[in-house]
Amino acid sequence: MATLYEKLGGEKAIAAVVNEFYDRMINDENVSHYFRYTDMDKLRKHQISYFMSYALGGPNKYEGATLRESHKGLNISHEHYEIAIKHLNGALRKYNVPLEDRVKIEAFLRSVKPHIIHK
């Protein structure tokens with residue numbers, strides 16, 4: 001059975017989705033403040049690696065900071081997390097990711113939510 005990484009089309013396709021997601025986030029006045037002092041190139045590369053290696057079953061082993069460490073001090077609210085999920089779903093739809101796969105990705109995001117919000 002193919003992993004989500006393989007089904008989505010590998011690194012190039014995942015990079016397109018991640019870049020679209022961050023474009024949406026930085027253009028949304030409700031959440032753009034989280035990225036004001038962030039090196040977006042570095043963040044985008046990290047997320048592409050993270051999605052490839054962990055969330056989507058890619059070939060690389062993830063060895064970065066934990067979600068809790070990465071989001072420490074951001075104090076991301078429940079509402080802002082939901083905005084992020086909405087934007088990721090929009091990016092996935094833009095690249096015609098099937099509903100079944102979008103649901104799996106959203107389920108993963110919801111499973112890690114306690115490690116991200118209010119940290």
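- Looking up the chain in an unreviewed UniProt entry gives the name Group 1 truncated hemoglobin, with the organism given as Polycladomyces zharkentensis.

A few points about empty space enclosed by the protein
- Throughout the structure, instances matching the rule amount to 1 cavity of 30 Å³ or more.
- Looking at the largest cavity, its volume works out to about 60 Å³.
- Among the secondary structure elements, those contributing two or more residues to the lining of the largest cavity are α2 (10-26) and α5 (78-94).
- Take the lining of the largest cavity: its biggest share by element is 3 residues, from α2.
- The class makeup of the residues in the lining of the largest cavity is 9 nonpolar, no polar and no charged.

Comments concerning the packing of aromatic side chains
- On inspection of all chains with the given rule, the structure shows 6 aromatic pairs.
- Arranged with centres 4.9 Å apart and planes meeting at 65 degrees, the rings of Phe21 and Tyr22 form a pair that is edge-to-face.
- Overall, the relative accessible area of 11% leaves Phe21 in the buried class.

So, the pattern of salt bridges
- Under the definition given, this model contains 8 salt bridges.
- The partner of Lys94 in a salt bridge is Glu20, with the nearest N and O atoms 3.0 Å apart. Separated by 74 residues along the polypeptide, Lys94 in helix α5 and Glu20 in helix α2 bring together distant segments of the chain.
- A relative accessible area of 46% means that Lys94 is categorised as partly exposed.
- Of the charged contacts in the structure, one is a salt bridge between Lys113 and Glu82, with a shortest N-O distance of 3.3 Å. Pair noted here: Lys113 is in the segment after α6 (99-112) and Glu82 is in helix α5, with a separation of 31 residues, a long-range link.
- Taking the relative accessible area as the measure of exposure, Lys113 reaches 12% and is therefore buried.
- Judged by relative accessible area, Glu82 falls into the partly exposed class, the value being 24%.
- Members of the salt-bridge network, linked through shared partners, are Glu82, Glu106, Arg110 and Lys113.

Cut-offs applied
- Residues numbered from 1 in each chain as written.
- Predicted model: local features only at pLDDT ≥ 70, side-chain atom pairs only at ≥ 80, totals over all residues.
- Heavy atoms only, no water.
- 1 Å grid on protein atoms, 1.4 Å probe; cavity = no way out; pocket = protein on both sides within 12 Å on 5 of 7 lines; lining within 4 Å.
- Points joined across faces, edges and corners; volume = space filled by probe spheres on them.
- Helix = DSSP H or I, 4+ residues; strand = E, 2+ residues; numbered from the N terminus.
- Nonpolar A, V, L, I, M, F, W, Y, C, P; charged D, E, K, R; others polar.
- Phe/Tyr/Trp six-rings, centres within 6.5 Å; stacked < 30°, edge-to-face > 60°.
- Buried < 20%, exposed > 50% of the residue type's maximum accessible area, 1.4 Å probe, protein only.
- Salt bridge = Lys/Arg side-chain N within 4 Å of Asp/Glu carboxyl O.

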